Amino acid sequence: MMRIYGRSLIMVAFMLAGGAQAATGNEMQAALHTCQTEFIDDASRRLVCFDQVAEQYASNKVAAPVLSTKQENLVKTVDAKTTYLARKWHLNPQDELHFTDLETHQLNYVVGSYSTNPNDVPVSPSRPNTQNRDLSNNDLHFQISLKTQLMNLSDWLPENQYVHSARLWGAYTQQSFWQVYDGGQSRPMRDHNYSPELILSLGLNKPGEPKQWAAMPDMLNLGVVHESNGRSEPLSRSWSRIYLQGGWQLNERYSLLFRPWWRIPEGKSEDDNPNISKYMGYGDMTFRWDNEAQNTAASVTLRNNLRSDNKGYVKFDVQYKPLKSESVKFYAMLASGYGVSLLDYNQAQTMFGIGFAIGE
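Conventions and cut-offs
Residues numbered from 1 in each chain as written. Predicted model: local features only at pLDDT ≥ 70, side-chain atom pairs only at ≥ 80, totals over all residues. Heavy atoms only, no water. Helix = DSSP H or I, 4+ residues; strand = E, 2+ residues; numbered from the N terminus. Buried < 20%, exposed > 50% of the residue type's maximum accessible area, 1.4 Å probe, protein only. Contact = heavy atoms within 4.5 Å. Areas by Shrake-Rupley, 256 points an atom, 1.4 Å probe, with all protein chains shown as cover. Phe/Tyr/Trp six-rings, centres within 6.5 Å; stacked < 30°, edge-to-face > 60°. Lys NZ or Arg CZ within 6 Å of the ring centre and 35° of its normal. Core = buried A, V, L, I, M, F, W, Y, C linked by side-chain atoms within 4.5 Å. Polar contact = N/O pair within 3.5 Å; in protein donor to acceptor, adjacent residues only side chain to side chain. pLDDT = per-residue confidence, 0-100. Pairing = 2+ DSSP bridges. Salt bridge = Lys/Arg side-chain N within 4 Å of Asp/Glu carboxyl O.

Each helix and strand counted, the protein chain has 6 helices and 13 strands in total. Of all 360 residues assigned to the protein chain, the portion counted as buried reaches 49%. Taking the intrachain contacts of the protein chain between residues at least 6 apart in sequence as the baseline, contacts between residues at least 24 apart amount to 62%. Split by element, the accessible area of the protein chain, about 17600 Å² in all, is 58% carbon and sulfur.

Here is the structure:
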């Protein structure tokens, strides 16, 4: 869905009615069309692009069309104003979103994957198991992850110098592992992981000099998330967590997300995986890099249980967008350690996958 939001709508309408004397309505329409097509899957950058067009024409200093042959200048200007955290979490309080505007939460992807150590007999201390699934090393692994804004709380914020935006999000993520290459066993679904989530996201200001406030994050997310695989015993696994996630936009290309969590306790008889924190740890950290053209991104995610009997996890992934106006990207991932899937929370393995992704 493509719309002209807020103040951009007012400025554009005024200029089309006669306020832009230095350029024709056709030129302006072409510039707006560029915003729509170049940022079709990114509402935040699309809004910045609309504002950029409005400012250029409102100044009455542009006697020639703003657009170059491929609209490169306009796109570069917009990209320079929208960092990863700002566009991912809409830290600009003027970004207008509606309940029906679904956006990517985590990355959406489908990959052909290979595991070095498939979990043939998954067990936990409370769910013993003897059934051997005789798994193939290869899966078709995919993830669907979406979020939508439930409420924009920015206008309700009291006057302060620290918080400039507040949004309440609802999110859902599903990971699936399909033994599609195992024709001998009728290509079964190895596991699904279902994860609904509720997130309060705050955009923060640094009131002093940036160097003095470097430790202060640019955003905070307070979330509650439940994760389960929807299986019956003995393969049932689930847990719920409350987390606090800080995000730092280190510069235009580098960002850092750090998320400690606390597991919500369950009754002994209901706990499918009482020792899950020993393997999945107490938080995660993601470091991300975007190139200047914003067509390539790489990230590394780390988990650790912070104990002497160390149980860790690391994931590297790379996204490359070969077509400038397309949202589909080439995607490669490498994950190693405990918890590649929820059912495998206590079994270490290394998994490599290659395929395609949508979103960020």
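Let's pick the thread back up.
Glycine aside, negative phi is the norm for most residues, and most peptide bonds take the trans geometry. In this structure, P234 follows E233 across a cis peptide bond, with omega equal to 10 degrees. Tracing the sequence through the fold places P234 in the loop between β6 (219–228) and β7 (238–249). Unusually for a residue other than glycine, H90 sits at a positive phi of about 50 degrees. Here H90 lies in the loop between α5 (84–89) and β1 (103–104). Given a relative accessible area of 1%, H90 falls into the buried group. Of note, the phi angle at S186 is positive, near 65 degrees, even though the residue is not glycine. Note that S186 resides in the loop between β4 (163–178) and β5 (189–204). A residue is classified by how much of its surface remains accessible, and S186, at 65% relative accessible area, is exposed.

Another aspect to go through is the packing of aromatic side chains. This model, assessed by the stated rule, comprises 6 aromatic pairs. The interplanar angle of 85 degrees and the centroid separation of 6.0 Å between the aromatic rings of W89 and W169 together place this pair among those described as edge-to-face. One end of the pair, W89, is in helix α5; the other, W169, is in strand β4, with 80 residues separating them in the sequence. A relative accessible area of 0% places W169 in the buried class. Within the aromatic cluster, the residues linked to one another by ring pairs are Y279, Y338 and Y345. One cation-aromatic arrangement involves R259 over Y243; the distance from NZ or CZ to the ring centre is 4.9 Å. Above the face of the Y84 ring, R288 is positioned so that its terminal group lies 4.0 Å from the ring centre.

Okay, the nonpolar core next. L85, W89, I199, W239 and I276 are the most contacted members of the largest nonpolar core, which has 20 residues in total. Secondary-structure elements contributing two or more residues to this core are α5, β4, β6, β7, β8 (254–263) and α6 (276–280). Ignoring any residue separated from it by four or fewer positions in sequence, one finds W89 in contact with H105, K147, R167, W169, I199, S201, M219 and N221. One finds L107, V111, F177 and A335 within the second-largest nonpolar core, a separate group that totals 11 residues.

Our next topic: the environment of V225. Residue position: V225 is located in strand β6. C-alpha of V225 to C-alpha of R241: the two residues are 16 residues apart in sequence and 5.4 Å apart in space. If we skip the residues at most four places from it in the chain, V225 touches S195, P196, E197, W239, S240, R241 and Y243.

For the rest of this paragraph, the subject is the side chain of D139. One can find D139 in strand β3 (residues 138–152). A distance of 2.7 Å separates the side chain of D139 from the side chain of R190, its partner in a polar contact. Non-local contacts of D139, meaning those with residues more than four positions away in its chain, are made with V111, G112, S113, F177, W178, Q179, Y181 and R190.

Across the protein chain, the average pLDDT comes to 84, with 82% of residues at 70 or higher. Mean pLDDT across the elements of the protein chain bottoms out in helix α1 (residues 6–19) (45) and peaks in β6 (98). Segment residues 1–23: pLDDT under 50, and 45 contacts once partners within four positions in sequence are set aside and those in other chains are kept.

Time to look at the pairing of β8. Because side chains alternate across β8, one face comprises the buried residues S255, L257, R259, W261 and R263, and the other comprises Y254, L256, F258, P260 and W262, none of which is buried. Sheet topology places β7 next to β8; 7 bridges connect them, and they run antiparallel. Counterpart to Q249 in the pairing with β8 is S255. Where β7 folds back onto β8 in an antiparallel hairpin, the turn is made up of 4 residues. Two strands pair when backbone bridges link them, and β8 and strand β9 (residues 283–290) are joined in this way by 7 bridges, in the antiparallel orientation. Its bridge partner being in β9, R259 is matched across the sheet by D284.

Our next topic: the pattern of salt bridges. This model, assessed by the stated rule, comprises 15 salt bridges. Among the ionic pairs, D139 bridges to R190, the shortest N-O distance being 2.7 Å. Taken as a pair, D139 in strand β3 and R190 in strand β5 lie far apart in primary sequence, 51 residues in all. In this structure, D139 and R190 share a single accessibility class: buried. Between R288 and E360 there is a salt bridge whose closest N-O contact spans 3.3 Å.

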